[in-house]
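Structure assessment
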Amino acid sequence: MMHITNLGFPRIGRRRELKQALEAYWSGASDAATLLESARELRLRHWQLQAEAGVRSLPVGDFSLYDHVLDAALLFDAVPDSHRALYEADPLLGYFALARGLQRDGFDLRALEMTKWFDTNYHHLVPELVADQVFRLRPERLLQHCSEARVLGLELRPQVLGPVSLLRLSKTLDGSDPLALLPRLLPLYAELFERLRQQGVDWLQVDEPCLALDLDPALQAAYAQAFDALRASPGPRLLLNCGFGDPRPALPWIRRLAPAALHADLSAGLAPLPELVDGVGEGILVAGVVSGRSVWRSDLDALCAGLAPTLKARGPERLWLAPSCSLLHLPISLDDERQLPGALRSWLSFAQEKLGELNLLGQALSAPEDAHALLAPQRAALADRRVSSLVHRRDVQQRVLALDVEQAVERAPLAERRRLQQQRLALPLLPTTTIGSFPQTREIRRLRVDLRAGRISPGEYAAQLAAATEACVREQESIGLDVLVHGEFERNDMVEYFGEQLAGFAFTRHAWVQSYGSRCVKPPILFGDVERASPMTVDAAVAAQALSTKPLKGMLTGPVTMLQWSFVRDDQPREQTCLQLALALRDEVDDLQSAGIGIIQIDEPALREGLPLRRAERADYLRWAVQCFRLSAGVARPETQIHSHMCYSEFNDIIESVAAMDADVVSIEASRSRMELLDAFVQFRYPAALGPGVYDIHSPRVPHAGEMRELLQRALQVVPAQQLWVNPDCGLKTRDWPETRAALAAMVAVAAALRVDLERCETPVS
Ligand code: GLN
Ligand code: ZN
């Protein structure tokens with residue numbers, strides 16, 4: 001029988017039990033013991049589930065109460081001084097203070113920064129180190145999890161984040177290079193190895209996801225140093241996990257570690273197999289053949305045929321099977337998703353089913369004579385998917401084929417657009433606006449629940465939403481904003497709202513994945529050709545515009561963001577799927593402008609997130625991502641003003657692509673980084689108008705006028721006044737009305753005062 005292993009399991013629980021336990025503890029409704037017991041039960045349940053699915057060596061230490069990078073920092077006692085006293089006095093409270101900040105009982109502790117975990121939608125905390133960091137081994141948590149797993153009588157394999165990735169994913173407050181701390185950290189890994197060996201641990205998984213990045217000279221040197229040291233440290237046998245993507249470029253460094261087992265992400269295909277076999281020498285190759293990130297079933301026939309020669313040459317002792325990465329990024333089970341359309345469910349595979357696929361593949365490989373029969377059901381499901389009319393819509397495909405993209409993306413020259421738009425809109429200097437959503441109050445959310453439960457009729461729901469919109473428009477008028485929005489009260493989520501109105505999308509009931517801490521997302525499944533049946537936002541925009549003489553923006557979610565925040569089909573290139581989305585949105589843009597809407601915002605907050613990890617692949621992504629945005633916008637007449645909005649990342653390194661999107665106005669998150677964004681404009685003359693966010697909407701704090709004025713003055717140093725807009729960092733849906741009113745009123749006042757100053761100095765002296 002083949003050896004099947006797993007690199008990590010979703011920790012949130014099938015019903016988000018961890019979320020509930022955490023939030024009950026944070027709110028004071030339950031105590032620490034209750035939380036820890038719920039967490040322990042989840043671990044046990046998940047180990048058992050994996051064991052039943054046929055996993056031979058179980059990952060231990062992948063579970064986290066909040067984040068695994070924070071846990072790795074704490075394994076080496078990397079607690080910032082600010083949090084030390086609390087952490088020593090109450091480790092659990094200290095842990096959550098690091099994760100989320102703590103502002104009560106006389107404490108005022110910041111949370112660690114958070115950032116994306118490579119190119120996934122998971123976010124990790126960024127450990128904070130100092131140049132003279134003192135590390136200390138604190139393995140209690142890991143050892144405890146090992147003893148829990150051992151009680152089950154199962155073969156276990158603890159895991160740790162490797163030293164280079166731990167440091168590379170950390171930051172220092174003093175500007176020193178975190179990698180310079182490697183010599184201080186390596187002896188502690190040796191100590192950990194020794195401790196685990198004493199505990200009878202045979203195997204240790206070392207995660208070095210940074211091996212999948214472009215290895216710059218600093219990383220190369222760090223890996224050389226770290227792997228030489230680890231190789232010389234006696235301890236359990238090592239399974240090296242090299243992160244997302246093809247590990248071949250890292251082989252020269254991997255060889256220095258000569259791990260007993262090397263895991264490779266082969267989700268993109270088996271082509272690297274020969275070189276990897278060569279690279280691992282006498283060691284075990286752990287073939288990560290079933291994607292740990294895509295929700296689709298694999299082509300097991302192809303995998304079986306592709307792996308058979310290697311298996312024959314190496315034997316099952318030296319070829320193991322695994323998912324391509326930790327299953328953290330998948331929902332747990334399809335069992336609850338009986339409502340999916342047609343045969344869709346039979347094409348899908350979540351964490352539990354992925355392990356089932358590996359099991360099946362293992363059986364087929366071990367008994368080639370039975371393989372054909374064993375794989376028959378999976379083969380049939382895949383064949384059905386290939387021809388299903390649920391997926392394939394001839395008219396959509398023909399429209400994409402017939403498309404002259406180059407021509408469809410072209411708009412009139414920017415200068416001409418600017419003139420015509422100014423004639424039509426007559427906006428003042430430094431126009432003020434918001435990003436789209438206004439507070440989604442408890443009452444608004446209750447409306448949706450009531451509608452779904454049948455407590456109110458669709459007519460009543462619509463009437464209530466119209467009332468909320470009207471009140472919101474009046475608020476904006478009385479605040480004095482120049483460009484209004486309708487408030488997005490009808491939208492539960494900016495992707496789901498559109499996905500529900502488009503063919504090609506399906507929605508699950510419980511397919512949650514962790515975004516960070518207790519926060520989970522339920523991405524839609526984009527399974528088929530995308531088609532818009534009828535206008536999606538036109539009525540709401542027209543009704544809202546009719547309430548005011550001020551211009552009102554129509555609000556759309558852009559094609560790249562729709563793609564990025566969904567589970568996307570894998571049977572055609574992402575670019576193709578994105579083109580289909582872009583065409584659907586293009587029709588919406590056209591309908592909005594025909595209905596008299598003069599400004600249309602196409603949000604692309606996720607554009608930067610899709611950037612591939614490796615530099616060589618970035619240009620191609622940016623090419624099609626920008627092209628898809630332009631395809632959506634390209635139907636706009638010159639006098640229709642196209643806005644876009646971006647957030648959640650730094651955009652400095654892709655500023656040229658932002659410009660290439662050719663939007664008339666782009667609003668970008670900037671206040672949290674104190675307008676670092678503007679550094680990019682010192683070198684690069686951004687051609688269109690720009691609204692760098694002047695206040696952070698993630699906090700209920702009302703910004704002072706002085707802060708916003710200062711930020712705008714900094715912006716004016718690099719952006720001409722005629723190109724500058726004034727807006728918050730992002731949508732206001734998570735805020736409450738009182739703080740929103742106060743913050744926007746202050747923002748409008750700051751813009752008005754600056755406008756007076758600018759107009760005064762710009763009056764030509766005659
Ligand atoms: N228009 C959206 C909103 O205001 C944009 C949200 C986002 O950028 N994530 O809510
Ligand atoms: Zn935003």
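See the structure shown above.
Residues numbered from 1 in each chain as written. Chains lettered and ligands numbered in written order. Predicted model: local features only at pLDDT ≥ 70, side-chain atom pairs only at ≥ 80, totals over all residues. Heavy atoms only, no water.

When helices and strands are tallied, the protein shows 30 helices and 21 strands. Taking 2.2 N^0.38 as the reference for a compact globule, 766 residues should give roughly 27 Å; the C-alpha atoms of the protein span a radius of gyration of 27 Å, in line with that estimate. When its C-alpha atoms are laid out on the principal axes, the protein stretches across 85 × 60 × 55 Å. Across the 766 residues that make up the protein, the buried fraction comes to 58%. (Helix = DSSP H or I, 4+ residues; strand = E, 2+ residues; numbered from the N terminus. Rg over C-alpha atoms; globule rule 2.2 N^0.38 Å. Buried < 20%, exposed > 50% of the residue type's maximum accessible area, 1.4 Å probe, protein only.)

Coordination sphere of the zinc ion (ligand 2), protein contribution only: His645 (NE2), Cys647 (SG) and Cys730 (SG), at 2.1 to 2.3 Å. Metal-centred angles of 93 to 123° between the 4 donor atoms at the zinc ion (ligand 2) mark the site as tetrahedral. When the donors of the zinc ion (ligand 2) are listed by position in the chain, the intervening gaps give H-x1-C-x82-C. As far as burial versus exposure is concerned, His645 and Cys647 are alike and both buried. (Donors = N, O, S within 2.8 Å, 3.2 Å for Na, K, Ca; no water. Tetrahedral: all angles 85-135°; square planar, octahedral: opposite > 155°, others 65-115°.)

Next up on the list: the sheet that holds strand 17 (residues 567-568). What the 3 strands build is an open sheet, ordered 12-15-17; its pairing is mixed. Each edge of the open sheet is held by one strand with a lone partner, namely strand 12 (502-506) and strand 17. Here strand 15 (residues 525-532) pairs with strand 17 via 2 bridges, running parallel. What sits directly across from Leu526, in strand 17, is Val568. Lying over the sheet, helix 25 (residues 574-594) contacts strand 12, strand 15 and strand 17, oriented at roughly 40° with respect to strand 15. (Pairing = 2+ DSSP bridges. Contact = heavy atoms within 4.5 Å. Axes fitted to C-alpha atoms, helices over the stretch in contact; angles between N-to-C directions.)

This part takes up the pairing of strand 20 (residues 665-668). Residues Val665 and Ser667 line one face of strand 20 and the alternating positions Val666 and Ile668 line the opposite face, and both faces are buried. With 4 bridges connecting them, strand 19 (residues 641-646) and strand 20 associate as parallel partners. Bridging across to strand 20, Met646 finds its partner in Ile668. Viewed along the sheet, the connection from strand 19 through helix 27 (residues 655-660) into strand 20 turns out right-handed. (Right-handed = clockwise from strand over helix to strand, strands pointing away.)

Attention shifts here to helix 29 (residues 705-718). With 14 residues, helix 29 extends 21 Å between its outermost C-alpha atoms, agreeing within 8% with the 20 Å of an ideal straight helix rising 1.5 Å per residue. What helix 29 keeps buried is the set Met708, Leu711, Leu712 and Ala715. The buried residues of helix 29 occupy an angular sector of 95° when the element is viewed end-on, so they sit on one face. (Expected span 1.5 Å × (residues − 1). Arc of directions from axis to C-beta.)

What follows deals with the packing of aromatic side chains. This structure, assessed with the given rule, holds 13 aromatic pairs. Both rings, one in Tyr223 and one in Phe227, keep their centres 5.1 Å apart while their planes meet at 45°; by these two values the pair is tilted. With Tyr223 and Phe227 both in helix 9 (residues 217-231) and 4 residues apart, the pair spans about one turn of that helix. Side by side, Tyr223 and Phe227 carry an identical accessibility label, which is buried. These aromatic residues form a ring-pair network of at least three members: Tyr25, Trp26, Tyr66, Tyr95 and Phe96. (Phe/Tyr/Trp six-rings, centres within 6.5 Å; stacked < 30°, edge-to-face > 60°.)

What follows concerns the site of ligand 1. Residues in close proximity to ligand 1 total 13 residues, the closest being Ser437, Glu488, Asp603, His645 and Gly731. Contact between ligand 1 and Ile435: a nitrogen atom at 3.1 Å from a main-chain N or O atom of the residue. The side chain of Ser437 places a nitrogen or oxygen atom 2.7 Å from an oxygen atom of ligand 1. About the coverage of ligand 1: the protein hides 94% of its 300 Å² of free accessible area. Looking at the shell around ligand 1 residue by residue, the classes come out as 7 nonpolar, 4 polar and 2 charged. (Near = heavy atom within 4 Å. Polar contact = N/O pair within 3.5 Å; in protein donor to acceptor, adjacent residues only side chain to side chain. Areas by Shrake-Rupley, 256 points an atom, 1.4 Å probe, with all protein chains shown as cover. Nonpolar A, V, L, I, M, F, W, Y, C, P; charged D, E, K, R; others polar.)

With that out of the way, let us pick up unusual backbone geometry. For residues that are not glycine, phi is negative in most cases, and the peptide bond is trans in most cases. Here Asp77, not a glycine, exhibits a phi torsion of approximately 60°, which is positive. Within the element layout of this structure, Asp77 appears in the loop between helix 3 (68-75) and helix 4 (81-89). A positive phi angle is found at Asp662, which is not glycine, with a value near 60°. Summarising the element assignment, Asp662 is placed in the loop between helix 27 and strand 20.

This brings us to the side chain of Gln723. In this fold, Gln723 is placed in the loop between helix 29 and helix 30 (737-762). Every residue in contact with Gln723, bar those within four places of it in the chain, is listed here: Arg685, Tyr686, Pro687, Ala688, Ala689 and Leu690.

With that settled, the discussion passes to the environment of Ala543. Take Ala543: it is sitting in helix 23 (residues 538-545). Each C-alpha atom of the pair Ala543 and Arg15 lies 39 Å from the other, and the pair is 528 residues apart in sequence.

Another aspect to go through is the packing of helix 25 against helix 26 (residues 618-633). Axis angle and axis distance: for two packed helices, these are the angle between their axes and the distance between the axes, and together they describe the pair. Viewed as axis vectors pointing N to C, helix 25 and helix 26 meet at an angle of 20°, and their least axial separation amounts to 7 Å. Our classification of the angle between helix 25 and helix 26 gives roughly parallel. Remark: the crossing between helix 25 and helix 26 carries right-handed chirality. Contact residues: Arg574, Glu575, Cys578, Leu579, Ala582, Leu583, Leu585, Arg586 and Val589 in helix 25; Arg623, Trp624, Gln627, Cys628, Leu631 and Ser632 in helix 26. A breakdown of the residues in the contact of helix 25 with helix 26 according to their chemical character gives 9 nonpolar, 2 polar and 4 charged. (Parallel < 35°, antiparallel > 145°, perpendicular 65-115°, else oblique. Left-handed = near helix turned anticlockwise from the far one by under 90°.)

Turning our attention to the environment of His698. Note on placement: His698 falls in the loop between strand 21 (689-692) and helix 29. In the structure, His698 is positioned 26 residues away from Arg672 in sequence and 9.5 Å away in space, judged by C-alpha atoms. Residues contacting His698, with those up to four places away along its chain left out, are Glu669, Arg672 and Arg735.

Bringing the pattern of salt bridges into the picture now. A full pass over the atoms with the stated rule returns 51 salt bridges. Here Arg168 and Asp216 are joined by a salt bridge, their closest N and O atoms 3.1 Å apart. Highlighted residues: Arg168 in helix 7 (residues 163-168) and Asp216 in the loop between strand 7 (203-207) and helix 9, separated in sequence by 48 residues. Its relative accessible area of 33% is what places Arg168 among the partly exposed residues. Among the ionic pairs, Arg615 bridges to Asp214, the shortest N-O distance being 3.8 Å. Placement of Arg615 in the loop between strand 18 (599-603) and helix 26 and of Asp214 in the loop between strand 7 and helix 9 is noted, with a sequence separation of 401 residues between them. (Salt bridge = Lys/Arg side-chain N within 4 Å of Asp/Glu carboxyl O.)

Looking now at the sheet that holds strand 5 (residues 156-161). Reading across the sheet, the 7 strands line up as 1-5-7-8-9-10-11 and stay open at both edges, with parallel pairing between neighbours. Two strands close off the open sheet at either side, each with one partner strand: strand 1 (58-60) and strand 11 (319-323). Recorded for the sheet is a direction-independent mean angle of 30° between the axes of neighbouring strands. For strand 7 and strand 8 (residues 237-241), the ladder comprises 5 bridges, and the chain directions are parallel. Bridge pairing links Trp203 to Arg237 in strand 8. With respect to the sheet, helix 6 (residues 140-151) is in contact with strand 1 and strand 5, its orientation differing from that of strand 5 by roughly 160°.

Looking at the secondary structure, you find Arg448 in helix 20 (residues 442-452). For the buried residue Arg448, which engages in no salt bridge, the nearest side chain bearing the opposite charge is Glu490, 7.0 Å off. With residues near it in sequence (within four places) discarded, Arg448 still touches Gln440, Tyr461, Phe489, Glu490, Arg491 and Asn492. (Lys, Arg positive; Asp, Glu negative; His and termini not counted.)

Before going further, it helps to examine the pairing of strand 16 (residues 553-557). Each regular strand carries side chains that alternate between the two faces of the sheet. Counting buried positions over the 5 residues of strand 16 gives 5, a clear majority of the element. Residue alternation in strand 16 divides its side chains into two sets, Lys553, Met555 and Thr557 and Gly554 and Leu556, and both sets are buried. As judged from the 5 bridges shared by strand 16 and strand 18, these two strands associate in the parallel manner. The partner of Gly554 across the bridge, within strand 18, is Ile600.

In short, geometric facts, not functional conclusions.
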